[in-house]
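What follows is the residue order along each chain.
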Amino acid sequence: MGSRGHTLMEVGADGVAVITIVNPPVNSLSYDVLRSLKQNFDQALGRDDVKAFVVTGAKGKFSGGFDISAFGDEEPKERPKPGWLSIEIITDTIEAARKPLVAAIDGLALGGGLELAMACNARLSTPTAQLGLPELQLGIIPGLGGTQRLPRLVGLAKALEMMLTSKPVKGKEAFSLGLVDGLMSPDDLVKAARQWALDIVGHRRPWIASLYKTDKLEPLGEALEILKFARAQARKWAPNLQHPLVCIDVIEAGVVAGPRAGLWKEAEASEILVKSDTCKSLVHIFFSQRGTSKVPGVTDLGLVPRNVKKVAILGGGLMGSGIATALILSSYPVILKEVNEKFLDAGINRIKANLQSRVRKGKLTQEKFEKAVSLLEGTLDYGSFRDVDMVIEAVIENVSLKQQIFADLEKYCPPHCILASNTSTIDLNLIGEKTKSKDRIVGAHFFSPAHVMPLLEIVRTNKTSPQVIVDLLYISKKIKKTPVVVGNCTGFAVNRMFFPYTQAGLLLVEHGADVYQIDEVISKFGMPMGPFRLVDLVGFGVAIATGMQFIENFPERTYKSMLIPLLQEDKRAGETTRKGFYLYDDKRKASPDTELKNYIEKARSITGVSVDPKLVKLQEKDIIEMIFFPVVNEACRVLGEGIAVKAADLDISSVMGMGFPPYRGGILFWADSLGSKYIYSKLEKWSQLYGEFFKPCANLAARAAKGIPLSAPLEQANSRL
Ligand SMILES: C[C@H](O)CC(=O)SCCNC(=O)CCNC(=O)[C@H](O)C(C)(C)COP(=O)(O)OP(=O)(O)OC[C@H]1O[C@@H](n2cnc3c(N)ncnc32)[C@H](O)[C@@H]1OP(=O)(O)O
């Protein structure tokens, strides 16, 4: 690989050496950049005409932090021992230099970027720059002194909050916290930083080494209490993760034994964490999330997204109103169409309620609320569809209704208008059957609640034009969703992969496993909720309707249980009826129901299944495998059929669509950590014991036979067969 960035140094007549980090797109700190920085620095330290330094980043960005793609470099020659970077370079060379340094921060200073800035003797930033230490999101801790310097600049409580939540602060807040010393406009930034540096030289401003500041640190007793509280929070928020606790330990070492001891502990812990499975998984998620918008044959054609100025939404129900909320929040004018005044009012009120809830949580100002509402217009006919650029249909899942709607849309919308459906299961070719506009029909499958959930499944048929996909990819970025482009099939990628999730649960329960134990184990694994709590939330009406789709399309591998229909017969249809697999109180808190066993017995007698003693006494590991391996199996099918472009897209879909724990890297990344052979052999065994539902698919079987990872590209798997 070629050079990964460098720094540029320019020495002015004023005696200030300005070092600029140049490594597009985010000026990350690669080893090349760090080496170049050190060279510049060493050189200028020896020059008599240099009195002081300013460090800044090219093109309005200070630095996005250490180069994440270099995490995997096993033993780079540049990293001879722990602490080489953070102690020898950042602390003993830069912070301890005989000439002062000022950081000029525009755009962003994240992770190692902010850590470098904190080692400078002062920091100036623009009011909108983002400053933060998001390392925990990657399974590591700040490793260039951030755990030591941030608490000394902003106090322990705030520093812990910033590190544990990974959330950056804006320049303006950073100034009020004491993290930066002055705010400047982007145009004045470097000039002001030069002057600041000269002022330090001339003793007109203090020469501060952040590492030894103590005025912001809380007194020891209080500090220990804060750390204790943070530990309790970290255990509660992320019970499966070690590194937040390691971060707190490292911070504590600095507070108790002094910052140098803290630096050493930080360096040693970083060395271990960067090699951990958690870090590898989270780095995989970081790059995979950015990779979903690179679609071969679509985004490599040089197409430019068209300007979508106005969107129409059909249907103001839960989905339609959520989608409208997401769009107006991102400044898209929206027309909401309903069939009568009553439904239209209800839809508009739902949208307003979505926005108001944001205002209440402090996430939206009243002014922005009003602006968003002003972008919304209600209608009962197609009259105003003349100038819309995109329509999203979000009516009930009824094929003939949708066919009629799309035929109407073709008549009333301009010929360039994108015709999208939010269907979660129905074949798009069927929906567009009565039109001649198949090239502009596309699926825009949002997840409920649409204004909150981060995933957008973009479904293309073999007729959808690449331009339409490019347009939708752009819109998804604008409305802050992660897009994943998938092919057309029953359930598309997410619902199809996860339909065995509930089914596996039902199969286990009919064979004697316990509903509540399954949910508990699966939650502990890291899912937001187990299969039974989830189906209660979704509601049995929807669950049965989608179940029917799967029975129709994949009869051989659908486990047919009567348990949910039996419960529904008794008006137990999930959370909305206060009874499903759980009982719900006024506050929607779920508790187990002793009556459930009667229904299970009845279901068992209908299916003719008897209790299997082995499945009554399942270990945690068995439950996890029996619930998730069928999901992995379906993911392999989706991949094998080309419904998903690459395995990483399914990892992102599982994390963002279903809440699969990101620190396990997504469904297939996790599966690969166990091995295709192992998963195959388990599924094969269960399929003999419990039927076709578990039968490994051809793609999985082929990979297991050759020992190829499930995430390896398809050509690789095929070519070696
Ligand atoms: C030792 C130290 O303590 C360890 C560290 O510093 S770890 C790194 C800490 N820094 C971070 O976690 C920041 C990570 N980056 C981000 O959050 C976001 O990329 C950002 C806010 C900087 C920019 O966001 P945005 O403008 O939406 O652009 P985004 O698409 O995310 O990134 C642009 C490109 O830069 C890459 N990139 C961003 N940050 C990177 C980094 N730190 N290292 C390597 N590549 C990076 C992305 O992969 C993407 O590449 P692509 O164009 O090939 O897909």
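Residues numbered from 1 in each chain as written. Predicted model: local features only at pLDDT ≥ 70, side-chain atom pairs only at ≥ 80, totals over all residues. Heavy atoms only, no water.

Glancing now at the UniProt feature "domain: 3-hydroxyacyl-CoA dehydrogenase C-terminal" (unreviewed entry) in the chain. With numbering matched to this structure, UniProt assigns "domain: 3-hydroxyacyl-CoA dehydrogenase C-terminal" (unreviewed entry) to residues 491–584. Taken end to end, residues 491–584 is 61% helix and 3% strand, and its first and last C-alpha atoms sit 29 Å apart. (UniProt positions renumbered as here; feature names shortened; annotations may be inferred. Helix = DSSP H or I, 4+ residues; strand = E, 2+ residues; numbered from the N terminus.)

Once that is clear, we can look at the sheet that holds strand β6 (residues 122–125). Strands in a sheet are paired, the pairing made by backbone hydrogen bonds, and the direction either parallel or antiparallel. On the basis of which strands lie adjacent, the open sheet formed by six strands has the order β1-β2-β3-β4-β6-β9 and mixed pairing. Of all strands in the sheet, those with a lone pairing partner are β1 (6–11) and β9 (182–183), marking the two edges. Here six bridges tie β1 to strand β2 (residues 16–22), and the two strands are oriented antiparallel to one another. Counterpart to H6 in the pairing with β2 is V22. (Pairing = 2+ DSSP bridges.)

This part takes up the nonpolar core. Ranked by internal contacts, the top residues of the largest apolar core, which has 98 residues, are F385, V391, L409, F581, F628, I667 and L668. Residue contributions to this core reach at least three from each of two domains, namely domain 2 (311–488) and domain 3 (495–720). When residues no more than four places from it in sequence are discounted, the contact partners of F581 are L506, V515, Y516, F532, V535, D536, F540, L563, I564, L567, D593 and L596. Formed by 72 residues, the second largest nonpolar core is a distinct cluster that contains L34, I90, L153 and A223. (Core = buried A, V, L, I, M, F, W, Y, C linked by side-chain atoms within 4.5 Å. Buried < 20%, exposed > 50% of the residue type's maximum accessible area, 1.4 Å probe, protein only. Domains from an automatic or database assignment. Contact = heavy atoms within 4.5 Å.)

In this section: the packing of aromatic side chains. The geometry of an aromatic ring pair comes down to the distance between the two centres and the angle between the two planes. Tallied over the full model, the rule gives 27 aromatic pairs. Relative to F660, the ring of F628 lies with its centre 5.5 Å away and its plane at 90°, an arrangement referred to as edge-to-face. Residue F628 is located in helix α25 (residues 620–640), and its partner F660 is located in the loop between α26 (647–658) and α27 (667–674); the two are separated by 32 residues in the primary sequence. Note on F628 and W670: the rings are 5.7 Å apart at their centroids and 70° apart in plane angle, and the pair reads as edge-to-face. On the criterion of sequence distance, the pair formed by F628 in helix α25 and W670 in helix α27 is long-range, its members being 42 residues apart. Just as F628 is buried, W670 falls in that class too. Feature note: the residues F498, Y501, F525, F628, F629, F660, W670, Y678, W686, Y690, F693 and F694 constitute an aromatic cluster, connected by ring pairs. Seen from the ring of Y382, K337 lies directly overhead, with NZ or CZ sitting 4.6 Å from the centre. (Phe/Tyr/Trp six-rings, centres within 6.5 Å; stacked < 30°, edge-to-face > 60°. Lys NZ or Arg CZ within 6 Å of the ring centre and 35° of its normal.)

This part is about a nonpolar patch on the surface. Where nonpolar side chains cluster on the molecular surface, the patch consists of L220, L224 and V256 and spans about 250 Å² of accessible area. Structurally, V256 can be placed in helix α9 (residues 243–257). (Patch = residues over 30% accessible without salt bridge, like charges linked within 9 Å, V, L, I, M, F, W, Y side chains within 5 Å. Areas by Shrake-Rupley, 256 points an atom, 1.4 Å probe, with all protein chains shown as cover. Salt bridge = Lys/Arg side-chain N within 4 Å of Asp/Glu carboxyl O.)

The next subject is the site of the ligand. Around the ligand sit 25 residues, and of these G112, E115, E135, R290 and K294 come closest. At 2.8 Å, a backbone N or O of G112 approaches an oxygen atom of the ligand. Interatomic distance of 2.6 Å between a side-chain N/O atom of E115 and an oxygen atom of the ligand. Against a free-state accessible area of 980 Å², the protein chains account for coverage of 71% of the ligand. For the shell around the ligand, the secondary-structure elements that each account for two or more residues are β5 (108–110), α3 (112–118) and α11 (277–291). Ranked by the residues each element gives to the shell around the ligand, the list is headed by α11, at three residues. For the shell around the ligand, a count of residues per class yields 14 nonpolar, six polar and five charged. (Near = heavy atom within 4 Å. Polar contact = N/O pair within 3.5 Å; in protein donor to acceptor, adjacent residues only side chain to side chain. Nonpolar A, V, L, I, M, F, W, Y, C, P; charged D, E, K, R; others polar.)

Looking now at empty space enclosed by the protein. With the rule as written, the count across this model stands at three cavities of 30 Å³ or more. For the largest cavity, the calculated volume is near 40 Å³. What lines the largest cavity is simply F499, P500, R557, P630, N633, E634, R637 and F693. For the lining of the largest cavity, the elements supplying multiple residues, two or more each, are α18 (494–510) and α25. Sorting elements by how many residues they give to the lining of the largest cavity places α25 first, with four residues. (1 Å grid on protein atoms, 1.4 Å probe; cavity = no way out; pocket = protein on both sides within 12 Å on 5 of 7 lines; lining within 4 Å. Points joined across faces, edges and corners; volume = space filled by probe spheres on them.)

Here we take up the pattern of salt bridges. A complete count under the given rule lists 35 salt bridges for this structure. A salt bridge links R231 to D249; the shortest N-O distance between them is 2.9 Å. Of this pair, R231 sits in helix α8 (residues 220–237) while D249 sits in helix α9, placing them 18 residues apart in sequence. A relative accessible area of 16% means that R231 is categorised as buried. When its relative accessible area of 31% is taken as the criterion, D249 is described as partly exposed. In this structure, R496 and E634 form a salt bridge, with 2.8 Å as the shortest nitrogen-oxygen distance. On the criterion of sequence distance, the pair formed by R496 in helix α18 and E634 in helix α25 is long-range, its members being 138 residues apart. Neither residue differs from the other here; R496 and E634 are each classed as buried. Each member of the salt-bridge network shares a partner with another, and the members are R496, E556, R557, E634, R637 and E641.

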